[in-house]
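# Remarks on the overall topology
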Amino acid sequence: MNVLGIETSCDETGVALYSTTRGLLAHTLYSQIAVHREYGGVVPELASRDHVRKTLPLVEQVLADAGLDATELDAVAYTAGPGLVGALMVGATLARSLAMGWGIPALGVHHMEGHLLAPMLADDAPEFPFVALLVSGGHSQLVRVDGIGQYRMLGESLDDAAGEAFDKAAKMLGLPYPGGPHIARLAEDGNADRFTFPRPMVNRPGLDFSFSGLKTHTLTTIRQLEADGELSDQDRADVARAFEEAVVSTLVIKCRRALEQEHLSRLVMAGGVSANRNLRAQLQKALGARGAQVYYPAMEFCTDNGAMIAYAGAQRLAAGQCDGVEVQVRPRWPMTELPPLTEASGAAG
Ligand code: KG4
Ligand code: ZN
């Protein structure tokens, strides 16, 4: 089965072609970062307009890259939520129109399920069951995964998502949007012993997160340094390092706790923040020492992309799921509402 995947939930237009027999055939990504940078964050209306311009040419490009004709496609998968409503509508409308014109089924995919399944695109794909740490710009979640669509929420952020916290800390340090990769780069030059930032909620039982206190602590530290004059490059690197260490060790502690609680030995990490090398290394070290295995997607499939949507959609479409003809998106959509794979019903509800 050849599935075209379209991702337009936020500021990246991702398009890919996945074959259930041959794997990923082609994928391409257009990032709108330059469009939004001067505003310091994503401007929803500009995001929608850019998806309108870019999606169809990218569809043509992946078909050409894969050497496929549209008549060889069996289905279209698109992100139906969660995300920005206008951006989602662009992808959903185009996907459904193409599917209708080609006379093939279409399915709305859950963006976080796409992230969650992205590690399955790798050669050493994890087996079920496992605990997933989903850390993106909009979500921080620990989920028990027993199969596709069999999700139990173990814990989540009570306020800012991990990626959002990175972006806000970056802004405080005068770094461009999106800040996660910039903080990570700056932190490499930072001295880990200069500041120790709080590890939020690690002394409380449970698996929920909270990053807003850490954000306040970061701002207070910057203000204190500013009181003594302008921040030096070393000051900024040391703050970035302390911030990153605090987020990483909080996530590592919660992941370890989740595996113990669920008596599982596989952890799958996905979402934009899973591109963070320090997080990957520390999870590997802490969990590997306990005999657990850590899985994460290839770097290019950590942040938003079309391949994860094509893959997740293909699994459900191959099991007989597809949507009706109406275009529906769900800007808010709890992942636990998704049906299991065996249940042949529309996933976008
Ligand atoms: O999954 P994603 O591309 O989009 C959402 O679904 O939200 O995640 C984007 C988030 C941003 O907040 C970005 O700053 C963060 O992932 N991010 C990182 C890194 N690369 C991206 N955070 C920390 N370290 C990184 N290397
Ligand atoms: Zn995402």
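For the structure itself, look to the data block above.
So, here is what we can say about the structure in this document. (Residues numbered from 1 in each chain as written. Chains lettered and ligands numbered in written order. Predicted model: local features only at pLDDT ≥ 70, side-chain atom pairs only at ≥ 80, totals over all residues. Heavy atoms only, no water.)

### Concerning a nonpolar patch on the surface
Rule in force here: The patch calculation keeps residues exceeding 30% relative accessible area without a salt bridge and links them within 9 Å when they carry like charges or within 5 Å when they are nonpolar (Val, Leu, Ile, Met, Phe, Trp, Tyr). All accessible areas in this document rest on Shrake-Rupley with a 1.4 Å probe, and a residue is counted as covered only by the protein chains that are shown. Throughout this description, the term salt bridge denotes a Lys or Arg side-chain nitrogen within 4 Å of a carboxyl oxygen of Asp or Glu. Elements are defined by DSSP. Helices are runs of H or I of four residues or more, strands are runs of E of two residues or more, and each kind is numbered from the N terminus.
Taken together, V85, M89 and V327 make up a surface patch of nonpolar side chains, about 210 Å² in accessible area. The topology assignment puts V327 in the segment after α10 (306-318).

### Focus: unusual backbone geometry
Each neighbour pair has its own omega, and for F128 with P129 the value is -5°, a cis peptide bond. By the secondary structure assignment, P129 is in the loop between α4 (111-117) and β6 (130-135). Residue P178 is bonded to the preceding Y177 through a cis peptide linkage, with omega at -10°. On the secondary structure map, P178 appears in the loop between α5 (162-172) and α6 (180-187). The phi dihedral of M201 falls on the positive side, at around 65°, and the residue is not glycine.

### Structural notes on the site of ligand 1
What counts here: Distances are taken per atom, and a residue is near a molecule or strand as soon as one of its heavy atoms is within 4 Å of it. Between N or O atoms, a polar contact is any pair within 3.5 Å; within protein, one atom must be a potential hydrogen donor and the other a potential acceptor, and residues adjacent in sequence are included only when both atoms are from side chains. For this classification, the nonpolar set comprises Ala, Val, Leu, Ile, Met, Phe, Trp, Tyr, Cys and Pro, the charged set comprises Asp, Glu, Lys and Arg, and every other residue, Gly included, is treated as polar.
By nearness alone, 19 residues border ligand 1, and H115, G137, D167, G180 and D304 come closest of all. Contacts to ligand 1 include G180, whose backbone N or O atom sits 3.0 Å from an oxygen atom. G272 is positioned such that a nitrogen or oxygen atom in its backbone is 3.0 Å from an oxygen atom of ligand 1. When ligand 1 is considered free in solution it has 550 Å² of accessible area, and contact with the protein chains removes 89% of it. No other element matches α5, which puts three residues into the shell around ligand 1. Here the residues of the shell around ligand 1 are counted per class, giving five nonpolar, 12 polar and two charged.

### Overview of the nonpolar core
Quick reminder of the rule: What is meant by a nonpolar core is a set of buried Ala, Val, Leu, Ile, Met, Phe, Trp, Tyr and Cys residues, joined one to another through side-chain atoms within 4.5 Å. Burial here depends on accessible area, computed with a 1.4 Å probe over protein chains only, as a share of the maximum for the residue type. Under 20% is buried, over 50% is exposed, and the range in between is partly exposed. Every residue pair with non-hydrogen atoms within 4.5 Å of one another is taken to be in contact.
Counting 58 residues, the largest nonpolar core has L4, L17, V76, L116, L134, Y151 and M335 as its most contacted members. In terms of residue count, α10 provides more of this core than any other element does, eight residues in total. Each residue touching L116, except ones within four places of it in the same chain, is listed here: F130, A132, L134, V145, Y151, V268, A270 and M335. V131, A170, L225 and F243 belong to the second-largest nonpolar core, a separate cluster that totals 46 residues.

### Details of the coordination of the zinc ion (ligand 2)
Around a metal, the idealised angle for a tetrahedral arrangement of four donor atoms is 109.5 degrees; for an octahedral arrangement of six donor atoms it is 90 or 180 degrees. Worth spelling out the cut-off: Note that water is not among the atoms considered, so a metal site may appear incomplete; the donors listed are N, O and S atoms within 2.8 Å of the metal, with 3.2 Å applied to Na, K and Ca.
Distances from the zinc ion (ligand 2) to its protein donors, H111 (NE2), H115 (NE2) and D304 (OD), fall within 2.0 to 2.1 Å. Positions of the donor residues of the zinc ion (ligand 2) along the chain correspond to the pattern H-x3-H-x188-D. Of this pair, H115 sits in helix α4 while D304 sits in the loop between β10 (293-295) and α10; the two residues are 189 residues apart in sequence, bridging distant segments of the chain. Like H115, the residue D304 is buried in the burial classification.

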